[in-house]
Amino acid sequence: MYDDFIRFVREVYQTDELIPLHEPRFQGREKEYLIDAIDSTFVSSVGKYVDRFEKDCAEYTGAKYAVATVNGTAALHTALMLVGVKRDEEVITQALTFIATCNAIHYCGAEPIFVDVDRATLGLSPQALQDYLDEFAEERNGETWNKQTGKRIAACLPMHTFGHPADMDRIVQICEKYHIPLVEDAAEALGSTLNNQHCGTFGRVGVLSFNGNKIMTTGGGGMILTDDETLAKQAKHLTTTAKQPHSWQFIHDQVGFNYRMPNLNAALGVAQLECVSLFLEKKRKLAARYIAWGQQNGVQCLIEPKTACSNYWLNAVMLEDMSERDAFLKATNQQGVMTRPIWEPMHQLSMYRQCQKGNLANTEWAAERVVNIPSSVI
Ligand SMILES: *Cc1c(COP(=O)(O)O)cnc(C)c1O
């Protein structure tokens, strides 16, 4: 099976050289816009491309407002602050995610609570969320508190794994019922929709990433999405050192952050976003080829949920068990076909081992089996 897989991937990518997991594609107007930004001398924290990229992202996702940041992690940190997450509070998230989700919670001085993922989506499981709240939630003055720790549950932060939308309908319902602000880590999900609604627009605030390995890139970059005008203004203020507008004076009215996206990166972003529908189309074709190969060879691929349209950012296979996974990883990587296991679950990392958690059976099941396979746009 391994040799057949390697042969298949080489045929797909038409190369005998190293096949990376995911590399960016620059086939649009990237150079033109970058040169324009350089010629304008506005390469840094102000410039027309930042405004344009924000406008384009809002339009593309259907969010009313979009605020660009230096990276997705900074966007997540800001998003959590915007919904009011503070020191010694708690944020419910999934144990199976990229470390940035968890770190952003920590930057607020808050603690993550890990609940399980769905096997089908690898996103936050509504059932696991409900189970945790059934057991530990207590209402106080219209807010949800944790009976066990006496701390406020300040937000819920689901993540759309590999671009496959989590079950947002039910997650939204639960968060509304408990008055828990919902923030979406849609870092991997640009172009993914659920019932024709773009990921990152289901909660009060959503976050995108444009890191080099994502479906489109600005080099480094992120975006805060929201429909709330007040939050959008605060987002801009917080990410630009909380400086009050003034022609020459430096007046800062709170401790802000230098999280603004530079104009150079935004220039790249405008050009990349123009190519996103082409990327999506090609990724869908690639996923279909992997799925067909998997069906012929008895290997299960992760597929989009029924009511969703995934961006298929990273394709993934689910192997029989850990020993098969390790043999697959070894064979493919040794032969120049880059594959990577899914993340080590957060509750198993030294700095988050002490955190509260629900039953994490699906997380542990997936962590032993899921492997990402080459997914660059061809
Ligand atoms: C990429 C990513 C982020 C943000 O990453 P940055 O590199 O800071 O842009 C956050 N969460 C998830 C799940 C991601 O995959």
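Since this is a predicted model, take the numbers as computed values, not measurements. (Residues numbered from 1 in each chain as written. Predicted model: local features only at pLDDT ≥ 70, side-chain atom pairs only at ≥ 80, totals over all residues. Heavy atoms only, no water.)

## Observations regarding the nonpolar core
Considering soluble globular proteins, one finds that nonpolar side chains tend to be buried as a cluster.
Next, step 1: Within the largest apolar cluster, 47 residues are counted, with the highest numbers of intra-cluster contacts made by Phe 53, Phe 162, Phe 210 and Met 223.
Next, step 2: Where this core is concerned, the elements lending two or more residues are α2 (30-39), α3 (48-61), β1 (65-69), β11 (222-226), α9 (263-274), α10 (276-297), β14 (315-318) and α12 (361-369).
Next, step 3: The contact partners of Met 223, leaving out residues within four places of it in the chain, are Phe 53, Glu 54, Cys 57, Ala 66, Val 67, Ala 68, Thr 69, Ala 75, Gly 206, Val 207, Leu 208 and Phe 210. (Core = buried A, V, L, I, M, F, W, Y, C linked by side-chain atoms within 4.5 Å. Buried < 20%, exposed > 50% of the residue type's maximum accessible area, 1.4 Å probe, protein only. Helix = DSSP H or I, 4+ residues; strand = E, 2+ residues; numbered from the N terminus. Contact = heavy atoms within 4.5 Å.)

## Quick notes on the state of the cysteines
Next, step 1: By the definition in use, this model includes zero disulfides.
Next, step 2: Unpaired in this structure, Cys 108 has its nearest cysteine sulfur neighbour in Cys 102, at a distance of 12 Å.
Next, step 3: A disulfide-free cysteine, Cys 355 has its sulfur positioned 6.5 Å from the sulfur of Cys 102, the nearest such atom.
Next, step 4: A residue is classified by how much of its surface remains accessible, and Cys 355, at 7% relative accessible area, is buried. (Disulfide = S-S within 2.5 Å.)

## What to know about the site of the ligand
Next, step 1: Around the ligand sit 16 residues in total, of which Gly 72, Thr 73, Glu 188, Ser 209 and Lys 214 are the nearest.
Next, step 2: Within the side chain of Thr 73, one N or O atom sits 2.5 Å away from an oxygen atom of the ligand.
Next, step 3: Contact with the protein chains hides 92% of the accessible area of the ligand, taken as 380 Å² for the molecule alone.
Next, step 4: Residue assignment for the shell around the ligand shows that the elements contributing at least two residues are α4 (72-82) and α5 (99-107).
Next, step 5: If one sorts the elements of the shell around the ligand by residue count, α4 sits on top with three residues. (Near = heavy atom within 4 Å. Polar contact = N/O pair within 3.5 Å; in protein donor to acceptor, adjacent residues only side chain to side chain. Areas by Shrake-Rupley, 256 points an atom, 1.4 Å probe, with all protein chains shown as cover.)

## A few points about the sheet that holds strand β7 (residues 183-185)
Next, step 1: Pairing is mixed across the open sheet formed by four strands, whose spatial order is β1-β11-β10-β7. For this open sheet the edge positions go to β1 and β7, each flanked by a neighbour on one side alone. Averaged over all adjacent pairs, the angle separating strand axes in this sheet is 20°, with direction ignored.
Next, step 2: Strand direction decides the pairing type here: strand β10 (residues 205-209) and β11, joined by four bridges, are antiparallel. Paired with Ser 209 across the strands is Gly 222, a residue of β11. (Pairing = 2+ DSSP bridges. Axes fitted to C-alpha atoms, helices over the stretch in contact; angles between N-to-C directions.)

## Considerations on the environment of Leu 273
Next, step 1: With respect to the secondary-structure elements, Leu 273 resides in helix α9.
Next, step 2: As a C-alpha pair, Leu 273 and Cys 309 span 36 residues in sequence and 18 Å in three-dimensional space.

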